[in-house]
Structure formats: C-alpha cells, structure tokens
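Read off the chains here:
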Amino acid sequence: MRTSAGIVVLLTVVAVDPVLAQDSVVCDAEGLPGMVSGFFQITTALGLMGLVVVWQADSLVEMFTMNFEQKKDLKQHKRTALKSALILVILGPLYTVAGSTMGLPLAECVDFVPW
C-alpha cells in the first residue's frame, strides 16, 4: 500500500511538471481565443432566446389548458427553463473569475463574459 502511494506521488510530480511548463495551446493559436469567446457568446444568446421562446410557448399553452396537473407541469417546465438560462448566464463570469484565481490558462486569454 505504501509503495503504491509512493509511486502515485512520484508519478504525479514527474508527469505533471512537464505539463505545467507548457503554454496554453488555445492562447498561442492565432484567432482561436476570439473564436472560443464568440462561440460562448453565441451559445449564451441562443440559450436566452430559447428561454424566451419556451416561456412564451408555455404561457400560451397554459392559457388554453384546463387540467390542473397540466398547468402544474407547464409551470415546472418554465421554472426549469429559467434555471437553465440562469446557469448559462452565470457560468461564464464564474469560470472567468475562478479560472483566473486558480491560474487556469484558458481563463487568461478567453473572455467568457457574454456581455
């Protein structure tokens, strides 16, 4: 058991050190950080538009639904869509702050804040 732990620690020190010495491939590539940032902004915008469409469709269907269970399911669906959109909006800035705090190389060169 001790030799296994010693081997794991030794491999961790030996194998991780060269990886830490490498620069970020994404940051070194020309135009790639802007493309990743643009993809994230488009994804966030599409997610927010999807929230609006789902919210409006559920509200419309809710007006014509008479069954209490169906109305309850539609309200739950609207809440789920809202939670998903909030996570989508909060995730980018959270990764940017946490990534720069932890020293992640991708957070230094890619802007994940959608606004």
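Just so we're clear, the structure is a prediction, and the values are computed from it rather than from any experiment. (Residues numbered from 1 in each chain as written. Predicted model: local features only at pLDDT ≥ 70, side-chain atom pairs only at ≥ 80, totals over all residues. Heavy atoms only, no water.)

**Side note on the side chain of threonine 44**
Rule in force here: Starting at the N terminus, helices and strands are each numbered in turn, a helix being any DSSP run of H or I of at least four residues and a strand any DSSP run of E of at least two. Contacts are assigned to residue pairs that have any heavy atoms within 4.5 Å of one another.
When you line up the elements, threonine 44 lands in helix H3 (residues 32–64). Residue contacts for threonine 44: discarding those within four places in its chain leaves Leu88, Val89 and Pro114.

**Some details on H3**
Filter applied, for reference: Helix span, as expected, comes to 1.5 Å for every residue beyond the first. Relative accessibility under 20% of the residue-type maximum defines a buried residue, over 50% an exposed one, and the middle range a partly exposed one, all with a 1.4 Å probe and only protein chains included.
Taking 1.5 Å as the rise per residue, H3 with 33 residues should run 48 Å; its terminal C-alpha atoms sit 48 Å apart, in good agreement. Every buried residue of H3 is accounted for by Pro33, Ser37, Phe40, Thr44, Leu51, Asp58 and Glu62.

**A short note on the packing of aromatic side chains**
Applicable threshold: Classification of ring pairs rests on two measures: the distance between centres of Phe, Tyr or Trp rings, Trp counted by its six-membered ring, which must be within 6.5 Å, and the angle between planes, read as stacked under 30 degrees, edge-to-face over 60 and tilted in between. By definition here, charges over rings are those cases where NZ of Lys or CZ of Arg is within 6 Å of the ring centre and within 35 degrees of the ring normal.
The tally for this structure, following the rule as stated, stands at 0 aromatic pairs. Over the ring of tryptophan 55 we find lysine 78; its NZ or CZ atom is 4.7 Å from the centre of that ring.

**Remarks on the confidence of the model for the protein**
Stated precisely, the cut-off is as follows: In predicted models, pLDDT denotes the confidence assigned by the predictor to each residue on a 0 to 100 scale.
When pLDDT is averaged across the protein, the result is 78; 77% of the residues are at 70 or more. By mean pLDDT, the top-scoring element of the protein is H3 (88), and the lowest-scoring one is helix H1 (residues 2–21) (56).

**Focus on the pattern of salt bridges**
Operational definition: Just to be clear on terms, a salt bridge is a Lys or Arg side-chain nitrogen sitting within 4 Å of an Asp or Glu carboxyl oxygen.
Tallied over the full model, the rule gives 1 salt bridge. Across the salt bridge formed by lysine 78 and glutamate 62, the nearest N and O atoms sit 3.4 Å from each other. One end of the pair, lysine 78, is in helix H4 (residues 68–102); the other, glutamate 62, is in helix H3, with 16 residues separating them in the sequence. Here lysine 78 and glutamate 62 have matching classes, each one buried.

**Some thoughts on a nonpolar patch on the surface**
Put simply, the rule reads: What makes a patch is a set of residues exposed beyond 30% relative accessible area and free of salt bridges, joined within 9 Å when like-charged and within 5 Å when nonpolar (Val, Leu, Ile, Met, Phe, Trp, Tyr). Per-residue accessibility takes into account occlusion by the displayed protein chains alone, with areas from the Shrake-Rupley method and a 1.4 Å probe.
Side chains of Trp55, Leu82, Leu86, Ile87, Ile90, Leu91 and Leu94 sit close together on the surface and give an oily, nonpolar patch of about 670 Å² of accessible area. Among the elements that take part in the nonpolar patch, H4 stands out by supplying 6 residues, more than any other. Positionally, isoleucine 87 belongs in helix H4.

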